[in-house]
Amino acid sequence: MIHALVYKSTGSWYLVKDKEGRAFNARIKGVFKIDGITSTNPIAVGDEVEIELENDAEDTAMITGIANRRNYITRVSPHNKHQHHIIAANLDQCLLFATLKDPKTSTGFIDRFLITAEAYHIAAVIVFNKIDLFRKKEEDKFAELKDTYETIGYKVMSTSVENKQGLEEVKALLKDKTTLLSGHSGVGKSSFINILFPDLQLKTQDVSDWSGKGLHTTTFAEMFDLPSGGRIIDTPGIRELGLVDIPKQELSHYFPEMRALINECQFNNCLHINEPGCAVKEAVREGRISEDRYVSYVVILESIT
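Rules of the game
Residues numbered from 1 in each chain as written. Predicted model: local features only at pLDDT ≥ 70, side-chain atom pairs only at ≥ 80, totals over all residues. Heavy atoms only, no water. Helix = DSSP H or I, 4+ residues; strand = E, 2+ residues; numbered from the N terminus. Contact = heavy atoms within 4.5 Å. Buried < 20%, exposed > 50% of the residue type's maximum accessible area, 1.4 Å probe, protein only. Pairing = 2+ DSSP bridges. Expected span 1.5 Å × (residues − 1). Polar contact = N/O pair within 3.5 Å; in protein donor to acceptor, adjacent residues only side chain to side chain. Core = buried A, V, L, I, M, F, W, Y, C linked by side-chain atoms within 4.5 Å.

Chemist: What's the story with the environment of Cys-94 in this structure? I'm lost.
Modeler: Within the secondary structure, Cys-94 sits in strand β8 (residues 93-99). Residues Cys-94 and Leu-181 lie 87 residues apart in sequence; the distance between their C-alpha atoms is 6.0 Å. With residues up to four places along the chain from it excluded, the contact list for Cys-94 reads Phe-113, Ala-117, Ile-122, Ala-123, Ala-124, Val-125, Thr-179 and Leu-180.

Rendered as structure tokens:
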């Protein structure tokens, strides 16, 4: 029995590595039923598994067991909205690359990412890239967003991958942790990974043949060992993590600044829209909760069916 870590999944085969760093191509033995989750993939990148070598083959193995996950993050399956696809497991943090120019990342997108991270109990960091393009308008907007998100407990960083600014700080954040990297096409995520791993040369162009339906047919999440310790998981072809099945009643629990006030509302099931005695709306009026975040909350609430 060998303990190993899953680095890549290509559907039926998995790339796994043992503690010594030896790589094996592995298949699943039998059927894994994982309690409480209807997933299209029983095993995901980041999973800790037990393997047995196949016959005398030196590089192929059978996955015979899976360890309990500390956490995992899923998205709705592109083929069946009632099923989930596990993107990655056992994460220490997730890092979102965002930009204020060329292209502009909407705050709604950032908030949806943060809600997903909150729902899965994974620490989130926002990295605003392309600061070399900032003029006064973008500088002011960045200062405002940094204040908004740091006030509610998120780490916000700024970089220019192009000019190599701020990269050491982000690298330091990745050390000895397992980090999921996410972000729209064109925000510099692949360029950042290419700086971390010059030998990889990931494709950095925009994905033009992307269908908008979830996972790109030929791309899968993949984990890489960082030279300085730690691992990153790249999620190519995933435009956004998308909201998990969050009921309307629960949405405000994933806004930390609202969660802190929920017990002060007059009604237990307050949606913070037009109920009397709502502590959240009062906090918005008094400027203790960002109006933009509240608007984001309302828009997302209305999108939940």
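Chemist: What am I meant to see in the environment of Leu-5 here?
Modeler: Within the fold, Leu-5 resides in strand β1 (residues 2-9). The residues touching Leu-5, leaving out its near neighbours within four places in the chain, are Leu-15, Val-16, Lys-17, Gly-46, Asp-47, Glu-48, Met-223 and Arg-231.

Chemist: I keep staring at the pairing of strand β2 (residues 14-18) and nothing clicks. Help me out?
Modeler: Two faces belong to every sheet, and in a regular strand the side chains alternate between them. Only one face of β2 is buried, namely the one carrying Tyr-14, Val-16 and Asp-18, since none of Leu-15 and Lys-17 on the opposite face is buried. Taken together, the five bridges between β1 and β2 define a ladder with antiparallel strand orientation. The partner of Lys-8 across the bridge, within β2, is Leu-15. Between β1 and β2, which pair antiparallel in sequence order, lie four residues; one of them, Gly-11, sits at a positive phi of approximately 105°. Sheet analysis places β2 next to strand β3 (residues 23-28), joined by four bridges and oriented antiparallel. Its bridge partner being in β3, Val-16 is matched across the sheet by Phe-24. With antiparallel pairing between neighbouring strands as the criterion, β2 and β3 make up a hairpin whose turn holds four residues, including Gly-21 at a positive phi of roughly 90°.

Chemist: Got a minute to help me understand helix α7 (residues 291-303) in this structure?
Modeler: In an α-helix, one turn spans 3.6 residues, which is why side chains three or four residues apart end up on the same side. Over its 13 residues, α7 runs 19 Å from end to end, which matches the ideal 18 Å to within 8%, given 1.5 Å per residue. Along α7, the residues that are buried comprise Arg-293, Tyr-294, Ser-296, Tyr-297, Val-298, Ile-300 and Leu-301. Considering only its buried residues, α7 is in contact with α1 (107-119), α2 (136-151), α5 (256-259) and α6 (279-285). Two or three places before Asp-292, at the start of α7, stands the capping residue Ser-290, its side-chain oxygen 3.2 Å from that residue's backbone nitrogen.

Chemist: Mind showing me how you'd approach the nonpolar core here?
Modeler: Side chains that are nonpolar tend, in soluble globular proteins, to be buried together. Counting residues in hydrophobic clusters, the biggest one holds 32 residues, and the most contacted among them are Phe-128 and Tyr-149. Contributions of two or more residues to this core are made by β1, β7 (84-89), β8, α1, β9 (123-129) and α2. Tallying contributions element by element places α1 first for this core, with five residues. Here Tyr-149 is in contact with Thr-107, Ile-110, Asp-111, Leu-114, Ile-126, Tyr-154, Val-156 and Arg-293, once residues within four sequence places are set aside. If you look at the next biggest cluster of nonpolar residues, it comprises 23 residues, including Phe-255, Met-258, Leu-271 and Val-284.

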